[in-house]
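# Chain and residue survey
The residues making up each chain are set out below.
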Amino acid sequence: MTQFFAWFLYGHEAKILPVQMPICSCEETINEFETLTRDAGRVQQDTLKKILELNADAEYLNHFGLNGRTDVESYKACIPLSVHSDVEPYIQRIADGDTSPLLTGKPVTSLSLSSGTTHGKPKFLPFNDELLETTLQIFQTSYAFRNREYPIGKGKALQFIYGSKQVVTEGGILATTATTNLYRRPRYKEGMKDIQSQCCSPDEVVFGPDFHQSLYCHLLCGLIYSDEVHQVFSTFAHSLVHAFQTFEEVWEDLCADIRDGVLSDKVTVPSIREAVTKILKPNPELADSIQRKCMGLSNWYGVIPALWPNAKYVYGIMTGSMEPYLKKLRHYAGHLPLISADYGASEGWVGANINPTLPPEQVTYAVLPQTGYFEFIPLEKPKEEESENSASIHYIESDPVGLTEVKIGKIYEVVITTFGGLYRYRLGDIVKVAGFHNSTPELQFICRRSLVLSINIDKNTEKDLQLAVEEAGKLLEAEKLEIVDFTSYVEKSSDPGHYVIFWELSSDASADVLRSCANCLDLAFVDAGYMGSRKIKTIGPLELRILKKGTFEEILDHFLSLGGAVSQFKTPRFVNPLNIKVLQILNRNTTKSYFSTAYGL
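Let me sum up the structure you'll find in this document. Computed from a prediction, not measured in an experiment: that's the story for all the values here.

Now for unusual backbone geometry. In this structure, N67 is a non-glycine residue whose phi angle is positive, near 50°. Locating N67 in the fold gives a position in the loop between α4 (59–63) and α5 (72–78). One non-glycine residue, N299, lies in positive phi territory at about 55°. Among the structural elements, N299 can be located in the loop between α14 (284–296) and α15 (303–307).

When you line up the elements, E442 lands in strand β17 (residues 440–448). One buried charged residue, E442, remains without a salt bridge, the closest side chain of opposite sign being R148 at 9.6 Å. Within the structure, E442 has its side chain in polar contact with the side chain of N355 (distance 3.3 Å). Sequence-distant contacts of E442, that is, excluding residues within four places in its chain, are made with I354, N355, T364, Y365, A366, K432, V433, A434, G435, F436 and H437.

We now examine the pattern of salt bridges. Tallied over the full model, the rule gives 23 salt bridges. The partner of D46 in a salt bridge is R42, and the shortest N-O contact between them spans 2.5 Å. With D46 and R42 both in helix α3 (residues 40–54), this residue pair falls four residues apart, about one helical turn. On the basis of relative accessibility, which here comes to 28%, the residue D46 falls in the partly exposed class. R42 gets classed as partly exposed once you look at its relative accessible area, which sits at 36%. For the salt bridge of R424 with E375, the shortest nitrogen-to-oxygen distance reads 2.7 Å. Of the two residues, R424 is situated in the loop between β15 (411–417) and β16 (425–437) and E375 in strand β12 (residues 373–380); the sequence distance between them amounts to 49 residues. Grouping residues by exposure puts R424 and E375 together as buried. Residues joined in a network through salt bridges with shared partners are D39, R42 and D46.

Reading guide: rules and limits
Residues numbered from 1 in each chain as written. Predicted model: local features only at pLDDT ≥ 70, side-chain atom pairs only at ≥ 80, totals over all residues. Heavy atoms only, no water. Helix = DSSP H or I, 4+ residues; strand = E, 2+ residues; numbered from the N terminus. Buried < 20%, exposed > 50% of the residue type's maximum accessible area, 1.4 Å probe, protein only. Lys, Arg positive; Asp, Glu negative; His and termini not counted. Salt bridge = Lys/Arg side-chain N within 4 Å of Asp/Glu carboxyl O. Polar contact = N/O pair within 3.5 Å; in protein donor to acceptor, adjacent residues only side chain to side chain. Contact = heavy atoms within 4.5 Å.

Have a look at this one:
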């Protein structure tokens, strides 16, 4: 049991950070989780009290007149709901070197770059040791339930994880992605060993400056330790699909490296070469085995279990914007289950996947009541006649309710208060309450709240876009074609404005098929505001633009050039007009364009 758990269960007032975390006992972890969730309401009160005691001197809290009070009623009465722009001035002062208690009692010594963006620019968020502890609690909990269903022995994980560039702010604060903040901490590595998630690759590969070379070496190290690999992991499903698409292209080079025991010349970073060369020895037998298995596969179906025979599952975030990659990932995974990783954000964690046998499309997350203080804003879709002519009005909101007060079947926006200095912070995520585990809710992630596509009274979310693309994608199946990736844009330079959907395809498609796809996309947006606007021509015909192969790889490289990490990369499902560079990439790589005729010309 970590000291952090003991803090809540037994009221210890010692430091949160333990010296060393013992090996994870799955049974003990599950018992702790059951104890905490049986009385989630009380644990929430205790958690808020502890957060506010730790940060009683924080300028942000005292600005609103909390003045050291720690009860729920005073907190909600004094502290307003917040978004990033509300805390940004405080975070900027931290970045500039202000060490006074601004958001937390103790000085913030690290900042995270959120994987979410504002107009393509990453957001700074505070990161501290307490957030590391909540991460380990979430990972321990989900591992305990996962291991009960899919037990793994002592072994390794084939992990496609990547550090990112680190910057030092003017005030001397280290800023990097949240994942890199984790990977660099010895505590995190200890925790990963305890839950049998030790990476095959040396640190030099994880933190290599060239993503493509790191990916190549992740694959190579995974093959070297192929019999020891019990799980395959990356933060996002996109990274897993990308890894095995790359494997299709480089597998013969990997075999040559293993056969001769000499690393490919394409790996030029000295630190990576040195680290991988230490574990690469000539092994013609393994190379022959890999070659035989690859040659025996049908279109790479089941490549993961074929090459990693002891792998029990494939693991990563597979909900929301990652769902479009599931079909391809299932193809690579064959009979292995896909298990969606836990629910959180750079801002903080929300819940653990304690039902690992559920497919990713149905996965739920049980909120751990000791990792933060949670509120939920009830959302109701307005009746059509009550809708206002504004894209910002999408749901009718009610006052936030507590963790144990949510109702099954209802949808909410998540609000979190963390140990890292965020107070009543709106995550912008829409979730549905699927049920309860004891007295804590199990949440189903629906989508990001922000509107993706809107011109006037039309209101289409990321999920609406995904469903439309899936529907139109069915027309490609008969042609044995796949959508590699997609994004969207609202073209307002013409009048009326119209939706633009960008597709990168696995191969060329006929003009007739693509015209049908454009029509299908147009009709698949069933939002009443959109359909009505299309009928009266206040929104123009949807446009489908086909991209050259490798376009989304170019967008990824652009993201990395800005200092992002591939482990945090999410294809932007909507390109903001201010994101000029990505728009330039898309426009430069557009090869064909098809306008819908679904509503007539």
